[in-house]
Structure formats: structure tokens, C-alpha cells
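Structural characterization, general
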Amino acid sequence: MTPLWLAVVVAAVGSYLLKLAGVSLPESILNHPKVQRVAELLPVAMLSALVAAELFDGGRRYAVDWPMLAGVAAGVVALLLRRGFLEVFLIAIAVTALLRLVT
Amino acid sequence: MDEPPPERAAILKAAIGIGLYAMAFGASFGAISVSSGLTLAQTMVLSLVMFTGASQFAFVGVATAGGSPIAAVPASLLLGVRNAFYGVPLSEILHPHGLARLWTAHFVIDETTAMAVSQGTPRARRYAFWATGLILFCLWQLGSLTGALIGRAVNPSDVGLDAAAPAVFLALLWPSLRRREARWVALGGAAVALVLVPLTPTGIPVIAAAAVALVGGLRSSRAGEERIPDREPK
């Protein structure tokens, strides 16, 4: 089994076990307000970290791909204009692809 | 099974709408996954077994960024922690016992929780959970498979697909940024990741950002801030 396969299987089964724990554990453990607040903020902190890493992580150094950065910036403009997920997605990839084509 | 037809029809209609959205989301996942270097089989194992969108994107992003793929395990699991907390309201609605827990658990995600808790009667809540869960599961797989096949046919960076993952993450993040506290946590998470980029192996900056959620969550509870549950789309 390659390391990638191992990671796929462990992460997939682990994700399922987290869901199973939620419907199996005594409620008192998960119903603690502090614990719940941390759980709500985890995706916020990690998704923004993922965005930062996707945009600027060049593997132990900073790196920027300008067409990609511009595409994501266009996606942010779409979000500010209250566009839905699908439009944000399409605008980001279209702007990136166009800039790659002309540069 | 004797839910008044208009209510069930409305739930079903909403569930199909969510399913179609999930299909598009699944297609972008499939395309990004395969173009990042996962095989078709690995992509489908993630969609079938992991079956929680943000974790799947995070897995692919971290596993293929150049570091050890093992770093993708904590990154995706930490993002999946919220699903465990959805078990609290859903257990009250579904009362799963024994073996039923095993398959009920698989469908505990953002969308099924949001749909179930927003219905007025216990019967409607159960119906909403299962209708949303089953429709979304099928369309998520269909979308993932289609996207993966497309991702193999074209050069992903030619069509700008590398911009898709960060744009999708931002779209996922967006609704929760209405809260001031969440905005600070988002900025903090990004800042921690950026500072660590040159210092740590790939994948670690994202995992370390979890500490910001820990600090933010404990601080805000001390301030006694009202908890506002928000469910971001998958």
C-alpha cells in the first residue's frame, strides 16, 4: 500500500468514525458550550489557512502564481456581489485560464 | 410515512436543490482530486467513505502539496470534527440504536443537519434527514465521478482548475465571516499558516491553524458571547 493510499483509507475511515462518535457518545460530552464553540471555529481557522497555503505556499518558501491569485481575487469579488458557489467557482477558473492564455 | 403531502413535497424539492448543488461541488472535487495526482479509485474512496466535502478538498490539497501525504490525515480529520457535534441534535431527532447507528452516522453532514433541524415536526425532521442524505449521497458520487473523468481528459491548469480549490474554500468560509469573532479566527488561521510556510514541512501550517480555533473558542466563551449556530454549505 502506497503512503497516499494509506492516508486515503485512514482519513476516510477516521472521518466516518467522527460521525459515528457523534451519534454514539453520551450527549453530555459533546454538549459542552466551550467544546462546541471550538468545534464551530475549527473549519473557519483551517479553511482560511488552506486558502493561504494554496495561494502562497511554494514548499518551505513563499511562491505566488499570479493568474491563479487573480482568479481567486475575482472569486472574492463575486462573493462580495453575493454570487452563489457555482458562479464563484466558474469565475475563478475562467479568469485564471484567460490570464494563462494571454500571458 | 403519513406526513401531509405538501410538507413532504416541499422537503423533497429543497433536498433535490441541495443535491444538484452538491453534484456541481462534487464535480469540482473530482476534477481537482484527479488533477492533483490522486487516482480515480482514491478519489471515489474519499467521496464514498469520507463523504464530507470540506475534508475531502483539504485532504487533496495537503496530500498533494509536496509533503508527506500522511499530513493530510489530521488536516481532514480536524475539519471533520464538526460532524461529530451534529450528532447531538440529530440523535434527538433520529434516536438511532444498535446497528442503525452505523448507517445513520454516514449521512451526518452539514446539509442533512441543517435540513433536519429546520423542520417543524419530528416526522418531518426525520424525513428531511433521510431525503437530503440519500439524494445528496447519490448526486455527490455522480458529480465526483464525472469530475474525475473530466479532470483526466484535460490539463487542469490550462482551464484554471488550480484556482478552484482556494475559491471554493473561500465560498465555504464566507457565510461564517458575518460574525466578528469568526473573522478574527479566519485572519488568525491564515496568518499562522503564512508564518509557518517557510519554517515547517508542507501540511503543517494548515494543521497548526487549528490552534487559533482553540484559542478563539475558549476566549469567546469566557466573554460569554452568544453562540450563533451557522452551518456553512459543504
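Notes on the structure in this doc start here. None of the values given here were measured: they were computed from a predicted structure.

**Quick word on the overall build of chain A**
Each helix and strand counted, chain A has five helices and zero strands in total. Relative to the globule expectation of 13 Å for 103 residues, the C-alpha radius of gyration of chain A, 19 Å, shows a markedly less compact shape. With the C-alpha coordinates of chain A rotated into their principal frame, the extents come out at 60 × 40 × 25 Å. The burial tally for chain A puts 45% of its 103 residues in the buried class. Across chain A, contacts joining residues at least 24 apart in sequence account for 33% of those joining residues at least 6 apart.

**What to know about the nonpolar core**
Residues Leu42(A), Ala45(A), Met46(A), Ala49(A) and Ala92(A) are the most contacted members of the largest nonpolar core, which totals 111 residues. With 13 residues, helix α3 (residues 33–56) of chain A is the single largest residue contributor to this core. Beyond its immediate chain neighbours, meaning those up to four positions away, Leu42(A) contacts Leu78(B), Leu79(B), Val81(B), Arg82(B), Ala210(B) and Ala213(B).

**Brief notes about the interface of chain A and chain B**
Between chain A and chain B, the residue contacts involve 66 residues of the former and 89 residues of the latter. Looking at the side of chain A that touches chain B, the elements that each hand over two or more residues are α1 (3–24), α2 (27–30), α3, α4 (66–80) and α5 (85–102) of chain A. Take the side of chain A that touches chain B: its biggest share by element is 23 residues, from α3(A). The class makeup of the residues in the side of chain A that touches chain B is 45 nonpolar, eleven polar and ten charged.

About the thresholds
Residues numbered from 1 in each chain as written. Chains lettered and ligands numbered in written order. Predicted model: local features only at pLDDT ≥ 70, side-chain atom pairs only at ≥ 80, totals over all residues. Helix = DSSP H or I, 4+ residues; strand = E, 2+ residues; numbered from the N terminus. Rg over C-alpha atoms; globule rule 2.2 N^0.38 Å. Buried ≥ 20, exposed ≤ 12 C-beta atoms within 10 Å, placed from the backbone. Contact = placed C-beta atoms within 7 Å. Core = buried A, V, L, I, M, F, W, Y, C linked by C-beta atoms within 7 Å. Nonpolar A, V, L, I, M, F, W, Y, C, P; charged D, E, K, R; others polar.

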